[in-house]
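Here is how the chains run, residue by residue.
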Amino acid sequence: MCSHGILFSRNRFIEELNGSARLDLSNGIRVCFVALAIGSLTMVLIGCGAGTLVESGSGSLQISPSTVNFGSVGVGQTAQNSVLISNKSATPVAISQINVSGQAFSISSTEKPPINIPAGSTYTLSIGFAPASSDNYSGLITMMDANSKLIAQLSMSGSGLIDGHLSASTTNLNFGNVAVNSVQMQTVTLTSTGTTAVTINSVAVSGTGFTLVDGNSPVTLNPTQTLTLHVQFDPTTSGAAIGQLTVSSNSVSGSATVVGLSGSGIASDPPVNPQLTVSTASLSFGSVTVNTATTRLLTLTSTGTSPVIVNSTSITGAGFSIVAQSVPVTLNPSQSVTLQIQFDPTVTGSVRGQVTINSNSITGGIALVALSGIGAAASPQLTISSGSLSFGNVTVSLATRQSLTLTSTGASPVTVNSAAITGNGFSVIGSSFPVTLNPSQSMSLQVQFSPTATGAVSGQITISSNSTSGSTALIALSGTGTTVAHEVDLSWDAPASSTDPVIGYNVYRSIGSASFGLINLSLDPATAYVDNAVVSGTSYNYVVKSVDSSGVESIASNQITVTIP
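It should be emphasised that the depicted structure is a prediction, and the values quoted were computed from it without experimental measurement.

1. What about the packing of aromatic side chains?
Logical step 1: Under the definition given, this model contains 15 aromatic pairs.
Logical step 2: Ring geometry for Phe285 and Phe343: centres 5.7 Å apart, planes at 55°, overall tilted. In this pair, Phe285 sits in strand 24 (residues 282–289) while Phe343 sits in strand 29 (residues 336–343), placing the two residues 58 residues apart along the sequence. Across this residue pair, the class does not change: Phe285 and Phe343 are buried.
Logical step 3: With 6.4 Å between their ring centres and 35° between their planes, Tyr540 and Tyr542 make a pair best called tilted.
Logical step 4: Put simply, the rings of Phe70, Phe105, Phe129 and Tyr137 pair up and form one aromatic cluster.
Logical step 5: The ring of Tyr508 carries the charged tip of Lys545 above its face, separated from the ring centre by 5.0 Å.

Structure representation (structure tokens):
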């Protein structure tokens, strides 16, 4: 690090920008806007608009068809239909209210009045029917104008249908010969084979040594949906054993689905004692941005006195996966294996899943680990340090620069696709696009004004990104070309002592209270600098920093302020 001597100068100026903008609207529409300044960030919030609605008269709308019959719809399912609303009048019609009567009938949440239908035009209204029981339903949709006057109506009907069927993948599970105090597991898959959902009310297992590992109830299976039950046999004595798995449901083919269970316990010599311990019973991934993966670890350890065999692992739940696994695997006592569980949500919302681990552990052939996570919407946001840049008076053919800071302020990376500039003499220096900024990351955009003629010039920078706060940001540019030339001659003392050789200097300048910006295009090897990009009536602030052979920049020198007369 280097130190600096005293900075000397002969001239100085500062300019403050006071910009204004005008929003010109017509057709009787009002727009209110509020400008908020937070640090160097300016936001314009646009709100409160008002327009004119044309009230309709009775009989000006025609609905086709005027009656909708949804027919038989499965209980728990939703049927959609639509009607065409035609404006037969010579003036626009506004539907100010839409009222729905009758259970199970609804309109789409996007159908929000007021709905304006121009003269001679049509509008499609979406309606739904979701019966909750096997009954007949009727309903009515009425449409009102701004004076609560009826302008159209639609009658609806439909009935609920129950046709839920439940089938099992087998009618019998035979576990064969199983060593006493060891565990064997088999599965039964239940499938909803009807046209409507079926509800499983309870699952029970009987018989010595037979247990149900999972199977929480009640649970509803939609058509073609399945549920896998894990049944294990853990004999404690030698001999044959029989049992029964009973599934109670509202299946129209029978309220009880029965699967026979059988097996035999056999003595082992020497006794086996495989035990598997799982590091946790649940893994929570918290909130994860959609299409972004995160990983948690699950450790399986052999804690018995004889080897344990992990036969298989499986996982359920949208977005959950086992990234790395190698099964079957035999773990000697105290040996472990780690599973990498990944959550990569593709949609927003809460997600639940489960890891199922099958082994010969005497503590239970099936180990279950609950999974949970939330898919969060990607929220890239781009914040720009200023909504305008004013370069003030600049001598023709000379150049002056100002900078804009682009910052990623969202919860996910933002991509800046381009920065286009308009206006004679304005240009963007040294930036290439597209560029991706991670959350909290920033980049500096250098904007230059080099007028080619005298007079006021205006321009604009258009920054395009995938920011959720607005894909396009506009920065106004202004400056004036002048023929009067001024310069500021700067000089300073070289550092009296330095542990590393000084190879040059960087000169920084600010206008008024604005932040300092580098003004020399390359490292200045001398202890003097001439700033000829200054104009009359303006004040400038200057500091200098030395740079050593390692490229390390020193702290700033003392600040001086100069004014151009």
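2. Focus on the sheet that holds strand 24
Logical step 1: Ordered by their spatial adjacency, 5 strands build an open sheet running 24-31-30-26-28, and the pairing between neighbours is mixed. At either margin of the open sheet sits one strand with a lone partner, and together these are strand 24 and strand 28 (329–331). Sheet twist, expressed as the average angle between the axes of neighbouring strands with direction ignored, equals 30°.
Logical step 2: Taken together, the 10 bridges between strand 30 (residues 349–359) and strand 31 (residues 366–376) define a ladder with antiparallel strand orientation. Directly across from Gly353, in strand 31, lies its bridge partner Leu371.

3. Focus on the sheet that holds strand 12 (residues 136–144)
Logical step 1: Strands sit in the order 5-13-12-8 across an open sheet of 4 strands; the sheet is mixed. The sheet terminates laterally at strand 5 (67–74) and strand 8 (97–101), the two strands that pair on one side only. For this sheet, the mean inter-axis angle between neighbouring strands, taken without regard to orientation, is 20°.
Logical step 2: Of the strand pairs in this sheet, strand 5 and strand 13 (residues 150–161) are connected by 6 bridges, and their pairing is parallel. Among the inter-strand pairings, Val68 is bridged to a residue of strand 13, identified as Met156.

4. Let's talk about the nonpolar core
Logical step 1: Leu61, Phe70, Ile85, Ile95, Ile127, Met143 and Leu154 are the most contacted members of the largest nonpolar core, which totals 24 residues.
Logical step 2: Secondary-structure elements contributing two or more residues to this core are strand 4 (61–64), strand 5, strand 6 (79–87), strand 7 (93–95), strand 10 (115–117), strand 11 (122–129), strand 12 and strand 13.
Logical step 3: The biggest single contributor to this core is strand 13, with 4 residues.
Logical step 4: Excluding residues that lie within four positions of it along the chain, Ile127 makes contacts with Val68, Phe70, Ala79, Gln80, Asn81, Ser106, Ile107, Ile141, Leu154 and Met156.

5. Points about the confidence of the model for the protein chain
Logical step 1: In the predicted model, the protein chain carries a mean pLDDT of 83, and 88% of its residues have values of at least 70.
Logical step 2: Within the protein chain, the element-level pLDDT minimum falls on strand 3 (residues 41–50), averaging 30, and the maximum on strand 39 (residues 455–465), averaging 95.
Logical step 3: pLDDT under 50 marks residues 1–59. Its contacts with residues more than four places away, or in other chains, come to 138 contacts.

6. Some points on the environment of Gly455
Logical step 1: Considering the arrangement of structural elements, one finds Gly455 in strand 39.
Logical step 2: Between the alpha carbons of Gly455 and Thr480 there is a distance of 5.3 Å; along the sequence they are 25 residues apart.
Logical step 3: Dropping the residues within four chain positions of it, Gly455 is found in contact with Gly479, Thr480 and Gly481.

7. Comments concerning unusual backbone geometry
Logical step 1: Following Ser64, the chain continues into Pro65 via a peptide bond in cis, with omega recorded as -5°.
Logical step 2: Examined against the element boundaries, Pro65 turns out to sit in the loop between strand 4 and strand 5.
Logical step 3: Unusually for a residue other than glycine, Ser334 sits at a positive phi of about 75°.
Logical step 4: Tracing the sequence through the fold places Ser334 in the loop between strand 28 and strand 29.
Logical step 5: For Ser397, which is not a glycine, the phi torsion comes out positive at approximately 75°.
Logical step 6: With respect to the helices, strands and loops of the structure, Ser397 is situated in the loop between strand 33 (388–395) and strand 34 (400–408).
Logical step 7: For Ser397, a relative accessible area of 60% puts it in the exposed group.

Parameters at a glance
- Positions within a chain are numbered from 1, following the residues in the order the chain's sequence is written.
- Only residues with pLDDT of at least 70 get local features here, since the model is predicted, and only at 80 or more are side-chain atom pairs given and counted; chain-wide, interface and lining totals rely on the full set of residues.
- Just so you know, side-chain values use all the structure's heavy atoms and leave hydrogens and water out.
- Centres within 6.5 Å are what make two rings of Phe, Tyr or Trp a pair, Trp counting through its six-membered ring; a difference in plane orientation under 30 degrees is then read as stacked, over 60 as edge-to-face, and the rest as tilted.
- Put simply, DSSP H or I for four residues or longer makes a helix, DSSP E for two residues or longer makes a strand, and each gets a number counted from the N terminus.
- Under the scheme applied here, a residue whose accessible area is under 20% of the maximum for its type counts as buried, over 50% as exposed, and between as partly exposed, the area being computed with a 1.4 Å probe on protein chains only.
- The criterion for a charge sitting over a ring is simple: Lys NZ or Arg CZ within 6 Å of the ring centre, and within 35 degrees of the ring normal.
- At least two bridges found by DSSP between two strands is the condition for calling them paired.
- To define axes, lines are fitted to C-alpha atoms, for helices over the stretch in contact only, and angles between the resulting N-to-C directions are given on a 0 to 180 degree scale.
- Here, nonpolar core means buried Ala, Val, Leu, Ile, Met, Phe, Trp, Tyr and Cys residues that are tied together by side-chain atoms lying within 4.5 Å of each other.
- We call two residues in contact whenever any of their non-hydrogen atoms come within 4.5 Å of each other.
- Scored from 0 to 100, pLDDT reflects the predictor's confidence in each residue.

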